[in-house]
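# Examining the three-dimensional arrangement
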Amino acid sequence: MTCLCLTHSITQTHNHNHNLPHATTTFSSSLHNRNPLFQLFSVSNQFPLLSRALFQSIILRPRIRPFSTNLTASYSSSAFAQIMANFDADSVTYLTQRDAAEIDETLMGPLGFSVDQLMELDVLSVATSISEVYKPCEHSRVLTICGPGNNGGDGLVAARHLHHFGYKPFVCYPKRTPKPLYAGLVTQLEALSIPFLSVEELPSDLSNDFDVVIDAMFGFSFHGSPRPPFDDLIQRLVSLHNNNNQIGQKRSVIVSVDIPSGWHVEEGDVDGTGIKPDMLPHN
Ligand SMILES: NC(=O)C1=CN([C@@H]2O[C@H](COP(=O)(O)OP(=O)(O)OC[C@H]3O[C@@H](n4cnc5c(N)ncnc54)[C@H](OP(=O)(O)O)[C@@H]3O)[C@@H](O)[C@H]2O)[C@H](O)CC1
């Protein structure tokens, strides 16, 4: 669990929902303009896959549907109706970018968590969610696009987990960070013979080569406008979604590990031109 929801107010906010099953939800294109830091709403290890998207969906009350038949089975309509009936959207507290950073500092300071520990837990739930929704037999080819920070580290860990789950991952990691944590993650992937692709090696249409594209470029420390090469990579993911509107064209599904890259961390997809993930699997 990423942030373990250690704050009293968050626990209080959700304490009536302790019977929630694991859940992920589809991204709705109507979910623009508000982007709370959902990982910090993830409540407890009693339902570790409860996603930020679910909270966002409930908060904004758009249409929500489960991703998969399996999930539908485990997440019955009556249970869902109960969640919706009990959920008090007005009681949800939004966290700012600064709040998120401060909670991280607390976790990794006085509480003694390490970043790699949090990352492994966090991403194991991400990979598990992906495998529940996009089965490896149908979505085997996964491209993970990794940014320079911990969100990118999440992407590296996701590639490893997905390899062990039976997928064929590829990694694009154009701005490597020379910290031991990241170097170790790269070494682990190389030991598994997971291919690293440069931006130039990526096909012009990602849908030709990949069933799933994982957006692990930026999380809650993103600011300003994306700089190269991420500006282009983000546009490729935007194009993927737009291509979907052309009838009959199969495209890669997009999974954003955390906040969709390029979105304003607190305001969301302000002008509506950002990445539209198919899945926000977090936690
Ligand atoms: N909270 C947890 O328990 C955990 C969260 N995890 C994940 O980590 C990210 C947050 O990680 P962080 O390293 O703080 O930040 P980001 O990954 O979002 O990115 C920071 C790097 O991105 C660069 N950056 C920022 N803006 C831009 C831009 N416009 N263009 C290009 N590059 C940009 C930034 O460089 P700067 O020089 O600009 O500072 C950084 O290099 C969180 O979202 C979770 O996904 C971990 O799993 C650990 C547990």
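Throughout what follows, the structure given in this document is the object of discussion.

Rules of the game
Residues numbered from 1 in each chain as written. Predicted model: local features only at pLDDT ≥ 70, side-chain atom pairs only at ≥ 80, totals over all residues. Heavy atoms only, no water. Buried < 20%, exposed > 50% of the residue type's maximum accessible area, 1.4 Å probe, protein only. Helix = DSSP H or I, 4+ residues; strand = E, 2+ residues; numbered from the N terminus. Pairing = 2+ DSSP bridges. Right-handed = clockwise from strand over helix to strand, strands pointing away. Core = buried A, V, L, I, M, F, W, Y, C linked by side-chain atoms within 4.5 Å. Contact = heavy atoms within 4.5 Å. Near = heavy atom within 4 Å. Polar contact = N/O pair within 3.5 Å; in protein donor to acceptor, adjacent residues only side chain to side chain. Areas by Shrake-Rupley, 256 points an atom, 1.4 Å probe, with all protein chains shown as cover. 1 Å grid on protein atoms, 1.4 Å probe; cavity = no way out; pocket = protein on both sides within 12 Å on 5 of 7 lines; lining within 4 Å. Sits in = over half its atoms within 2 Å of the grid points. Nonpolar A, V, L, I, M, F, W, Y, C, P; charged D, E, K, R; others polar. Points joined across faces, edges and corners; volume = space filled by probe spheres on them. Salt bridge = Lys/Arg side-chain N within 4 Å of Asp/Glu carboxyl O. Phe/Tyr/Trp six-rings, centres within 6.5 Å; stacked < 30°, edge-to-face > 60°. Lys NZ or Arg CZ within 6 Å of the ring centre and 35° of its normal.

### Some remarks on the pairing of strand β1 (residues 141-146)
Most of β1 is tucked away: five of the six residues are buried. Two elements, β1 and strand β2 (residues 168-172), share five bridges in a ladder whose sense is parallel. Across the sheet, Arg141 pairs through a bridge with Lys168, a residue of β2. Chirality of the crossover, the property in question, places the unit of β1, helix α7 (residues 150-164) and β2 among those that are right-handed. The pairing of β1 with strand β3 (residues 212-216) spans five bridges and is classified as parallel. The residue bridging Cys146 from the neighbouring strand is Ala216, located in β3.

### Concerning the nonpolar core
Ranked by size, the top nonpolar core spans 29 residues in total, and within it Ile130, Leu156, Val171 and Ile214 carry the most contacts. Per-element tally for this core: the top contributor is helix α6 (residues 115-133), with six residues. With near-sequence residues (within four places) excluded, Ile214 lies in contact with Ile130, Val142, Leu143, Thr144, Ile145, Ala158, Leu162, Val255 and Val257. If you look at the next biggest cluster of nonpolar residues, it comprises 26 residues, including Leu197, Phe210, Phe218 and Phe222.

### Quick word on the site of the ligand
Around the ligand, a shell composed of 23 residues is seen, among which Asp104, Asp154, Gly219, Ser221 and Asp258 lie nearest. Contact between the ligand and Asp154: an oxygen atom at 2.3 Å from a side-chain N or O atom of the residue. Alone, the ligand offers 950 Å² of accessible surface; in the complex the protein occludes 83% of this. Mapping the ligand onto the cavity grids shows that it belongs to the largest pocket. Looking at the shell around the ligand, the elements with two or more residues in it are α6 and α7. No other element matches the four residues that α6 contributes to the shell around the ligand. Grouping the constituent residues of the shell around the ligand by class yields nine nonpolar, nine polar and five charged.

### Observations regarding unusual backbone geometry
That bond from Pro228 to Pro229 is cis: its omega, 0 degrees, falls within 30 degrees of zero. Positioned with a positive phi, Ser193 is a non-glycine residue whose angle comes to about 60 degrees. Along the chain, Ser193 turns up in the loop between α8 (180-191) and α9 (206-209). In this structure Ser193 comes out as exposed when scored by relative accessible area, which is 59%.

### Details of the environment of Ile259
In this structure, Ile259 sits in the segment after β4 (253-256). Sequence-wise, Ile259 and Asp116 are 143 residues apart; in three dimensions their C-alpha atoms are separated by 19 Å.

### Notes on the layout of surface pockets
For the largest pocket, the calculated volume is near 590 Å³. Considering the residues around the largest pocket, the lining is formed by 27 residues, among which Gly149, Asn150, Asn151, Gly219 and Ser221 are closest to the centre. At the level of elements, α5 (97-108), α6 and α7 are the ones that each hand at least two residues to the lining of the largest pocket. Take the lining of the largest pocket: its biggest share by element is four residues, from α6. Taken together, the residues that form the lining of the largest pocket break down as 12 nonpolar, nine polar and six charged.

### Section: the pattern of salt bridges
Counted according to the given criterion, the structure contains seven salt bridges. The shortest N-O distance in the salt bridge between Glu102 and Arg98 comes to 3.2 Å. With a gap of four residues between them, Glu102 and Arg98 both fall in helix α5, about one helical turn apart. Given a relative accessible area of 35%, Glu102 falls into the partly exposed group. For Asp211, the salt bridge identified is with Arg141, shortest N-O distance 2.9 Å. One end of the pair, Asp211, is in the loop between α9 and β3; the other, Arg141, is in strand β1, with 70 residues separating them in the sequence.

### Focus on the packing of aromatic side chains
Taken as a whole and judged by the stated rule, the model has three aromatic pairs. Residues Phe170 and Phe210 carry aromatic rings whose centres are separated by 5.4 Å and whose planes lie at 65 degrees to one another, so their mutual orientation is edge-to-face. Taken together, the residues Phe170 in strand β2 and Phe210 in the loop between α9 and β3 connect sequence positions 40 residues apart. Linked through ring pairs, Phe218, Phe222 and Phe230 together constitute an aromatic cluster. Above the face of the Phe170 ring, Lys168 is positioned so that its terminal group lies 5.2 Å from the ring centre. One Lys or Arg, Arg176, reaches over the ring of Phe196 and ends 4.7 Å from the middle of that ring.

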